[in-house]
Amino acid sequence: TETIMDAMPDGFLGSRVDELDYGVWPVNARLLAPFKGCLFAAGVQASSVQFSAVGQPEVFPPDNILNIPDAHLGPVTAMYPTRNAIVVFKAHGVYLVKGDPVNGFYAEPLTREPGCVAPNTVREVPGTGLVFLAESGLWALQGTLENEGVPTGVINVSTPIPDSIRRFNRTALINACGAIYHRDREYWLCVPTIGTADNDH
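Conventions we followed
Residues numbered from 1 in each chain as written. Predicted model: local features only at pLDDT ≥ 70, side-chain atom pairs only at ≥ 80, totals over all residues. Heavy atoms only, no water. Pairing = 2+ DSSP bridges. Helix = DSSP H or I, 4+ residues; strand = E, 2+ residues; numbered from the N terminus. Axes fitted to C-alpha atoms, helices over the stretch in contact; angles between N-to-C directions. Core = buried A, V, L, I, M, F, W, Y, C linked by side-chain atoms within 4.5 Å. Buried < 20%, exposed > 50% of the residue type's maximum accessible area, 1.4 Å probe, protein only. Contact = heavy atoms within 4.5 Å. Phe/Tyr/Trp six-rings, centres within 6.5 Å; stacked < 30°, edge-to-face > 60°. Polar contact = N/O pair within 3.5 Å; in protein donor to acceptor, adjacent residues only side chain to side chain.

**Digging into the sheet that holds strand β9 (residues 123–125)**
Pairing is antiparallel in the open sheet, where 4 strands are placed in the order β9-β10-β11-β12. Where the open sheet ends on each side, the last strands, each with one partner, are β9 and β12 (153–156). Adjacent strand axes in the sheet meet at a mean angle of 35° when their direction is disregarded. Bridge count between strand β11 (residues 137–142) and β12: 4 bridges; the pairing is antiparallel. Across the sheet, W139 pairs through a bridge with N156, a residue of β12.

**Topic: the nonpolar core**
Residues F40, M79, I86, V88, V97 and F105 are the most contacted members of the largest nonpolar core, which totals 18 residues. Those elements giving two or more residues to this core turn out to be β1 (31–35), β2 (38–42), β3 (48–51), β5 (76–81), β6 (86–90) and β7 (94–100). Leaving out residues up to four positions away in the same chain, F40 has contacts with L31, L32, A33, F35, V49, Q50, F51, M79, I86, V97 and F105. Core analysis: the next-biggest nonpolar cluster, separate from the first, contains 14 residues, L138, A140, I165 and F168 among them.

**Description of the environment of N120**
For N120, the position within the fold is in the loop between β8 (104–111) and β9. Under the relative-accessibility criterion, N120 is labelled partly exposed at 44%. The spatial distance from the C-alpha of N120 to the C-alpha of R183 is 21 Å, given a sequence separation of 63 residues.

**Concerning the packing of aromatic side chains**
Summed over all chains, the structure comprises 8 aromatic pairs. Between F35 and F105, the aromatic rings sit 6.1 Å apart at their centres with planes inclined by 50°, giving tilted as the arrangement. With F35 in strand β1 and F105 in strand β8, this residue pair connects regions lying 70 residues apart in the sequence. Side by side, F35 and F105 carry an identical accessibility label, which is buried. When the ring of F89 is compared with that of F132, the centres are 4.8 Å apart and the planes differ by 50°; the resulting orientation is tilted. On the criterion of sequence distance, the pair formed by F89 in strand β6 and F132 in strand β10 (residues 129–134) is long-range, its members being 43 residues apart. Take F132: its relative accessible area is 0%, and that puts it in the buried class. Site record: aromatic cluster; members linked through ring pairs are F35, F40, F51 and F105.

**Thoughts on the pairing of β1**
The side chains of a regular strand alternate between the sheet's two faces. Burial of the side chains of β1 is restricted to one face: L31, A33 and F35 are buried, whereas none of L32 and P34 on the reverse face is. Linkage of β1 to β2, two consecutive antiparallel strands, is achieved through a turn of 2 residues, within which K36 is found at a positive phi near 50°.

**With respect to the sheet that holds β1**
Overall, antiparallel pairing links the 4 strands, which are arranged β1-β2-β3-β4 in an open sheet. Bordering the open sheet on either side are β1 and β4 (65–67), each of which pairs with just one other strand. Each strand axis lies, on average, 25° off the axis of its neighbour in the sheet, ignoring direction.

**Focus: unusual backbone geometry**
With an omega of 5°, the peptide bond running from E113 to P114 counts as cis. Within the secondary structure, P114 is located in the loop between β8 and β9. Look at K36: it is not a glycine, yet its phi comes out positive at around 50°. Assignment of secondary structure puts K36 in the loop between β1 and β2. Despite not being glycine, R185 has its phi angle at roughly 55°, a positive value. The residue R185 is located in the loop between β13 (177–181) and β14 (186–190) in this model.

**What about the environment of N199?**
Mapping N199 onto the fold places it in the segment after β14. Look at N199 and you get partly exposed, because its relative accessible area is 33%. For the pair N199 and P69, spaced 130 residues apart in the sequence, the C-alpha separation amounts to 32 Å. In this structure N199 touches N175, A176, C177, C190, V191 and P192, once residues within four positions along its chain are discounted. Polar side-chain contacts of N199 include one of 2.8 Å to the backbone oxygen of N175.

Structure representation (structure tokens):
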């Protein structure tokens, strides 16, 4: 609308807002994840994530950019926030973003193979771990993601279904999606098979 009526006198509104104070919103971001009071966004630049000011998810200061190592391993393809870290996936590689807004955030590599090819397949399966789809099949990230005595690592959980994995249309795997069937604590995966780009299996 062009006209706004309100009952608040202009003198009570405070100083005029400068839009430059907000930084540039990452308009090309495809992925969002909350962590430690900040909103993380990826997809603006191939191998980096931006994060907002604390408690202000609409404010992205220009310097709040975190480069994810190994740019040659592809762009950021998925993010998943946990209690201790944000799990950042590339097409080849898994990284952990740790730290806090006061002392700074940092990224450390967990593995450079496998990586995630479909952001909608990342799901936390009770008793199994964080499951995701890679080009080579289904993998699970296990551990506490922190130095608490439990090692963090990835394991291949699709070993029992090699015939199904061979049927995947790898050029369209970005369309795959996963879901948790809580009653039976199962992970369900919908994928495109050879000959189609739609999830048909």
